[in-house]
Amino acid sequence: MGKIISFPVGAQHVYPGPLGAVPTVARTADSKYSFVASPSPRFSSLPQRFLQSSSALYQKYALTLALLCAISLSSAFALPPASSTKSLQVYFIDVEGGQATLFVTPAGQSLLIDTGWPGNNNRDADRIVAAAHDAGINKIDFVLITHYHDDHVGGAPQLASSIPIGAFIDHGENRETTDDITQQRWLAYQQLLSSGKYQHITVKPGDILPVHGIRVTVISSDGALIEKPLPGAGQPDPACANSTQPPEDKTENPRSVGTLITFAKLKILDLGDLTSDKEHQLMCPVNKIGKVDIYIASHHGFNQSGSAVFVHAIAPRIAIVDNGATKGGSPSALDILKSSPNLQTLWQLHFSEEAGPTHNTAEEFIANPPGPDAANYLKLTANPDGTFAVFNSRTKQSKQYSRSPTP
Ligand SMILES: [Zn+2]
């Protein structure tokens, strides 16, 4: 298992990047210090071991801003309680079968999972920026790259030219160097990182990301998985008896950085394009994740992921598929989602042409039905009391959900 991303006192680095808030520190049992909620909207810091660029500029600012931080922190207790009534906003941006999921927390921080495709006249970057502006932010604090396929990291350079970004998070090296496009996108991403403008965090299973306002636990990274069940999980999965371990997938997909995002008691699972071989290891013999409320369907609803032994054990209350019209949304994967025991609603970014009317969800839950693409998005609003709603930007309708019946 990993750790809360933390740093020892005295090693705090502060930099004048475009991030949101200054993490304050709290003592933990291992005499390290972990982040807690923060009052300042201006600056941010990350652990020393993750600072890839220790330029003279940073060093200079570290001294100057340490004083500002001290002032800011000392005034924290005079501020109202941190946004206790505000909601978490999650935008499921239509990047035509790639992924771009933007979380904006009540603490004012933002986490973008993946950047969509490159090219297309800046299409995906523009759509991500539009969502950010809709959420009232002008920067993205953390961009998490699940893996190095075209539809996930491809849009990173264009996005970085379109909006300030604080830090990139990823699983480390490209493991599919034999694929030319993947290697090209990886190199373009490395060039972006080498500019020295961004913090760079490489994560391991069990790490807790330093995003304020939500708890982001890393489930998978670079092919490794959490070894022990999460708190409250660990129940045997009866479906394992009739399921065999799928063969190992050799692409970047099973290397995906997967995360469980917790807000109040709401659990949101995003595993990027993690494949069924890893799903089996996460569920058999025991379910290491437990049940979730919202499942961002792995791999755009392709049937190399989203196996029944996995989906029916995490038993989401809703699932959201970031498929395109002709990418993802396999008939069998949609059927597995719809037959999941607790599922109330299946949402899709697009009508899947392959799945046809039999397997797609009802039209009211589809952001982009057949026809000219309108870049409609879905938006989840989660409240601190555990209730949540999903908004379809095409229909302008929201569907409300009660708090989870499970403790
Ligand atoms: Zn993908």
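The structure this text deals with has already been given above.
Residues numbered from 1 in each chain as written. Predicted model: local features only at pLDDT ≥ 70, side-chain atom pairs only at ≥ 80, totals over all residues.

1. What about the overall build of the chain?
Note the following rule: Note on conventions: DSSP H or I runs of at least 4 residues are helices, E runs of at least 2 residues are strands, and numbering of each starts at the N terminus. Buried residues are those with 20 or more other C-beta atoms within 10 Å of their own C-beta, exposed residues have 12 or fewer, and partly exposed residues lie in between; C-beta atoms are placed from the backbone. Each residue gets a C-beta atom placed from its backbone, and two residues are in contact if those atoms lie within 7 Å.
For the chain, the count of helices and strands is nine helices and 19 strands. The burial tally for the chain puts 50% of its 407 residues in the buried class. In the chain, the share of contacts with a sequence separation of at least 24, taken over all contacts with a separation of at least 6, comes to 70%.

2. Observations concerning the nonpolar core
We apply this condition: Each nonpolar core reported here comprises buried Ala, Val, Leu, Ile, Met, Phe, Trp, Tyr and Cys residues connected via C-beta atoms within 7 Å.
Grouped together as the largest cluster of nonpolar side chains are 92 residues, with contacts concentrated most on Leu102, Ile169 and Ile320. Not counting the four nearest positions on each side in its chain, Ile320 is found in contact with Phe92, Ile294, Ile296, Ala297, Trp347 and Leu378.

3. Thoughts on the pairing of strand S18 (residues 388-392)
Note on strand geometry: in a regular strand, side chains alternate between the two faces of the sheet. Here is the rule we go by: Paired strands, in this sense, are two strands between which DSSP finds at least two bridges.
Going residue by residue along S18, you find Phe388, Val390 and Asn392 tucked away on one face and Ala389 and Phe391 left uncovered on the opposite face. The pairing of strand S17 (residues 378-382) with S18 spans five bridges and is antiparallel. Counterpart to Lys379 in the pairing with S18 is Phe391. Connecting the antiparallel pair S17 and S18 is a turn made up of five residues, with Gly386 showing a positive phi of about 95 degrees. Sheet analysis places S18 next to strand S19 (residues 397-401), joined by five bridges and oriented antiparallel. Across the sheet, residue Phe391 finds its bridge partner in S19, namely Ser398. Taking the residues between adjacent antiparallel strands as the criterion, S18 and S19 are bridged by four residues, where Lys396 takes a positive phi near 65 degrees.

4. Some details on the sheet that holds strand S11 (residues 258-263)
A sheet is described by the order of its strands in space; here eight strands give the open sequence S10-S9-S11-S12-S13-S14-S15-S16, paired in mixed fashion. Both edges of this open sheet fall to strand S10 (224-225) and strand S16 (366-368), since each of them pairs with a single strand only. Where strand S9 (residues 215-221) lies against S11, five bridges are found, and the strand directions are antiparallel. Opposite Thr217, over in S11, you have Leu260 as the bridge partner.

5. As for unusual backbone geometry
A cis amide bond links Cys284 with the next residue in sequence, Pro285, at an omega value of 5 degrees. Turning to its location among the elements, Pro285 is positioned in the loop between helix H6 (276-283) and strand S13 (294-296). Here the phi dihedral of His299 falls at roughly 60 degrees; this positive angle occurs in a residue that is not glycine. When you line up the elements, His299 lands in the loop between S13 and helix H7 (308-314). Residue class for His299 comes out buried when judged on the 24 C-beta atoms lying within 10 Å of it.

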